[in-house]
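Next come the chains, spelled out residue by residue.
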Amino acid sequence: MAATVVVGLQWGDEGKGKTTDLLAESVSHVVRYQGGDNAGHTVVLADEVFKLHLVPSGVLYPHITPVVGSGVVVNPETLLAEMATLAERGVDTARIRVSDAAHVIMPYHVTLDRASEARLAGGGIGTTQRGIGPAYADRASRTGVRMGDLLDPDGLRARLERAVPEKNAILVHVHGLEPFDLDALYDQAIAWGERLREHIVDTVGLVQRALAEGDHVLLEGAQGTLLDLDHGTYPYVTSSNPVAGGACTGGGIGPLQVDQVIGVLKAYSTRVGSGPFPTELTDHRGRHLVEKGHEFGTTTGRRRRCGWLDAVPLRYAIAVNSVSSMMVNKLDILSGLPEVQVCVGYRIDGRIVDEWPVRAGDLARAEPVYETFHGWEADLRGARRLQDLPHEALAYLDGLEALAGAPIALVSVGPERTQTIVRSEQPARTIGTAGEQDASKRRLLGRLPRRPIAGSVATARAPGAG
Ligand code: GDP
Ligand code: IMO
Ligand code: MG
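Residues take numbers from 1 onward in each chain, read along the sequence in its written order. A letter from A marks each chain and a number from 1 marks each ligand, given out in the order of writing. Where totals are concerned, whole chains, interfaces and linings use all residues; where local detail is concerned, this predicted model gives features only for residues with pLDDT of at least 70, and gives and counts side-chain atom pairs only at 80 or more. Side-chain figures throughout are based on the complete set of non-hydrogen atoms in the structure, without hydrogens or water.

On to helix H5 (residues 153–174), then. If you check H5, its first and last C-alpha atoms are 30 Å apart, about what 22 residues at 1.5 Å a residue would give, namely 32 Å. A bend of about 25° at Ala163 is the largest found in H5, and the proline Pro165 appears one to four places after it. Of all the residues in H5, the buried ones are Gly155, Leu156, Leu160, Ala163, Val164, Lys167, Asn168 and Leu171. Residue contacts are counted whenever heavy atoms from the two residues lie within 4.5 Å of one another. Only DSSP runs of H or I covering at least 4 residues are called helices, and only runs of E covering at least 2 are called strands; the numbering of each starts at the N terminus. Residues of H5 that are buried in the fold lie against helix H3 (107–119), helix H4 (132–141) and helix H6 (182–196). Gly176 sits one or two residues past H5 and shows a positive phi near 65°. One less than the number of residues in a helix, times 1.5 Å, gives the span that helix is expected to have. Bending is quantified residue by residue as the angle between axes fitted to the seven-residue window ending at that residue and the seven-residue window starting at it. With a 1.4 Å probe rolled over the protein chains alone, any residue whose accessible area is under 20% of its type maximum counts as buried; one over 50% counts as exposed, and the rest are partly exposed.

What follows is the structure in C-alpha cells.
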C-alpha cells in the first residue's frame, strides 16, 4: 500500500502539473486533495498544452482514475466546462470521480469573493475571485452545499433555504448588490447534479480500496506551502491546506499510508497576488524571469511577481511537509543570467534571522542575505542527463540541495514531459558509478515510473479516440 504526495513548496505555480503528470505514469489513481479552480496546472505533451483547474493532472493517462477529493471546493460549472474541453481533445472523462463530500462553490460565493476584494480596494488579498474563500468559510460554518446534495432534491432545498437568505442579506445590505433567487439556484444545482451524477461517489472508499489492493495512489496538491492557511504568509494565503497533511484530510488517507512526499519547487520564486515576498526582483533580472519564464497566471493571466529562490521558507516547507525528495522545475529559465542568488537569511533591524516563520511586520523590513552562484549561458532545454548540464548549473543544484537540506531527485529543463533529468536520491556530491546511480533511481522512484519517460500525445488519448 503506497500513497505519494506531490506538494508545492513555494507560493504555487511551481510546476506541480508537470511533476504530477510525470510521476503518474505507473499509478492507478491521481487525487486532487484541496483548493478549487483557483489552481491552474499546465501539462505539456509534445506540442499539446493542457491547462487543468479542477481535473487531476493524471487525467492524460488512459489507465488512471482521476479523483477530486473531499478537500476540494468544486465549481460544477468549471468542472463541466473543463471536462467538455478535455473530451473534445480526445481525453476520456467518464473515469473522473468527484467526492460526494466535496463542497460546491455556489454563484453567491463567487460574487461575495469579488465584492469583498472590491470593497478592500487594493488592500485585498488579490484572490483569483473564484469564490474559494467564501466556499471554505461556509464549509467551516456548516452552511455549505456538498456535491452529494446535488443528488438529493429535498436535502438540497433545505441546505439552500438555510444558506441563501443569509447570503442575500450580506449581498444587499453590506455590498449593495442584487440578491440571488433561491428557486433559480435550486434549479441550477439540480441540473448540475443530473449532469455529474455518474461521477459523484464516495471517493474515500474508492481510494482506500485501491490502496488495500496494492495500487499506488498519487495525491496532487494545489497552490503551495506559503499559501497554506496555517503555514503560509497569513492573511495573504488561500483558504485550504496545500501542505502534505492536507492530502490526508482532503484525500481520505491516513498519515501512515503516505510513503513519499515529493516537494516541487521552481529554480526561482514567483508569487501572484498580494503579500510579502522578500526576494522579489523589480529590475531587469525580475523581467528576465517573467519574460523567459512566461510568468503569467494560468487561471487569471496576471503577471506573476518574480524573484530569487528563498531558502528560509523553503527549509520550513521541507519540514512541515516531511519532504522525502524534491523536483526542481524551470532550471532552463536561469540561463543567461550572469549570477544567480539564493536567500539564506534576512537582516532585520541589524539582526540576522534565518528561521521561518518571520512576523509579517518584520518581513516587510527584511533585507535578504544572499549566497551568490555563477550563472551560465548555455540553453538547458535539450539536457536529459546530469552530464548535459554546465558545471555552474550543477553547482547551483548542489548549493540549493545543501541549503534546503533535502535531496533533489528530479530536475526539469522545459515544460514537456521528456524535458526531465533524473538526478538522484543522493546529494550530487555523493553520486557514484552508473550502477550506483541506477540503484539510487530505483530507490527513489519505487513503484513510480518504471518505463523511460515517454512523451507521446498518443498516451493522452482515450482508447479508440481520435
Ligand atoms: P502549477 O500550478 O504548479 O502546476 O504550475 P503552472 O502550470 O501554473 O506553472 C508552471 C509553468 O511552467 C507551466 O506553464 C509549465 O508548463 C511550465 N514549466 C514547468 N516546468 C518547466 C520547466 O522546467 N521549464 C520551463 N521552461 N517551463 C516549465
Ligand atoms: P496553483 O495550484 C498561485 C493565490 C492568489 C491569492 C491567494 C488567495 O496553480 O499553484 P484564492 O483565490 O485562493 O482565495 O487566492 O492565493 N493563489 C495562487 N497563486 N498559484 C495558485 O494555484 C494559486 N491559487 C491561489 O493569487 O494571492
Ligand atoms: Mg498554477
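Having seen the structure, we can now continue with the description.
As a further point, take the site of ligand 2. When we say a residue is near a molecule or strand, we mean one of its heavy atoms is within 4 Å of it. Around ligand 2, a shell composed of 21 residues is seen, among which Asp13, Lys16, His41, Thr128 and Thr238 lie nearest. One of the backbone N or O atoms of Gly40 is found 2.9 Å from an oxygen atom in ligand 2. We define a polar contact as two N or O atoms separated by no more than 3.5 Å, with the added condition that, inside protein, one atom must be a possible hydrogen donor and the other a possible acceptor, whereas residues neighbouring each other in sequence contribute only through side-chain atom pairs. Take Thr238: an N or O atom from its side chain is 2.6 Å from an oxygen atom of ligand 2. Side-chain classes follow a simple rule in which Ala, Val, Leu, Ile, Met, Phe, Trp, Tyr, Cys and Pro form the nonpolar group, Asp, Glu, Lys and Arg form the charged group, and the remainder, Gly included, forms the polar group. Grouping the amino acids of the shell around ligand 2 by side-chain chemistry returns 8 nonpolar, 10 polar and 3 charged.

A separate point is the pairing of strand E16 (residues 339–348). If a strand is regular, its side chains alternate between the two faces of the sheet. Of all 10 residues that make up E16, 7 are buried, and the element is covered over most of its length. Relative to E16, strand E14 (residues 309–310) runs parallel, the two being bridged by 2 bridges. Within E16, the position partnered with Leu309 by the bridge is Val342. Paired strands, in this sense, are two strands between which DSSP finds at least two bridges. Summarising the sheet, E16 and strand E18 (residues 367–374) pair through 8 bridges and their orientation is antiparallel. For Val342, the partnering residue across the bridge sits in E18 and is Glu371.

All right, on to unusual backbone geometry then. That bond from Tyr234 to Pro235 is cis: its omega, 5°, falls within 30 degrees of zero. Locating Pro235 in the fold gives a position in the loop between strand E10 (216–220) and helix H8 (244–251). The peptide bond linking Trp356 to Pro357 adopts the cis configuration, its omega dihedral lying at 5°. Take Pro357: it is sitting in the loop between strand E17 (351–353) and helix H11 (360–365). The phi angle at Gln129 is positive, at roughly 60°, despite the residue not being glycine. Along the chain, Gln129 falls in the loop between H3 and H4. Among the residues examined, Gln129 registers a relative accessible area of 29% and is labelled partly exposed. The phi dihedral of Gln223 is positive, around 55°, even though this residue is not glycine. Mapped onto the fold, Gln223 is located in the loop between E10 and H8.

This part covers the packing of helix H2 (residues 76–88) against H6. Only the stretch in contact is used when fitting a helix axis, every axis being a line fitted to C-alpha atoms; angles between N-to-C directions are given from 0 to 180 degrees. Look at H2 against H6: their axes get within 10 Å of each other, and the N-to-C directions meet at 35°. In this structure, H2 crosses over H6, and the sense of that crossing is left-handed. On H6, the residues that touch Pro76, Glu77, Leu79, Leu80 and Met83 of H2 are Gln188, Trp192, Arg195 and Leu196. Split into classes, the residues belonging to the contact of H2 with H6 amount to 6 nonpolar, 1 polar and 2 charged. By the definition used in this description, the sense in which the near helix is turned from the far one sets the handedness, with an anticlockwise turn below a right angle giving left-handed and a clockwise turn giving right-handed.

As a further point, take the coordination of the magnesium ion (ligand 3). Water is absent from the atoms considered, so a metal site may look incomplete; donors are defined as N, O and S atoms within 2.8 Å of the metal, or 3.2 Å for Na, K and Ca. The coordination sphere of the magnesium ion (ligand 3), as far as protein atoms go, consists of Asp13 (OD) and Gly40 (O), spread over 2.0 to 2.2 Å. With Asp13 in the loop between strand E1 (2–8) and helix H1 (16–23) and Gly40 in the loop between strand E2 (29–32) and strand E3 (41–45), this pair connects stretches of sequence that are 27 residues apart. We classify Asp13 as partly exposed; its relative accessible area is 23%. For Gly40, a relative accessible area of 11% puts it in the buried group.

Next up on the list: the confidence of the model for the chain. The predictor's confidence in any single residue is recorded as pLDDT, a number from 0 to 100. A residue-level look at the chain finds 91% of positions with pLDDT of 70 or above and a mean pLDDT of 91. Counting interchain partners and residues more than four positions distant, the pLDDT-below-50 stretch residues 426–445 has 26 contacts. Note that residues 447–466 has pLDDT below 50 and, in this model, 50 contacts with residues that lie over four places away or in other chains.

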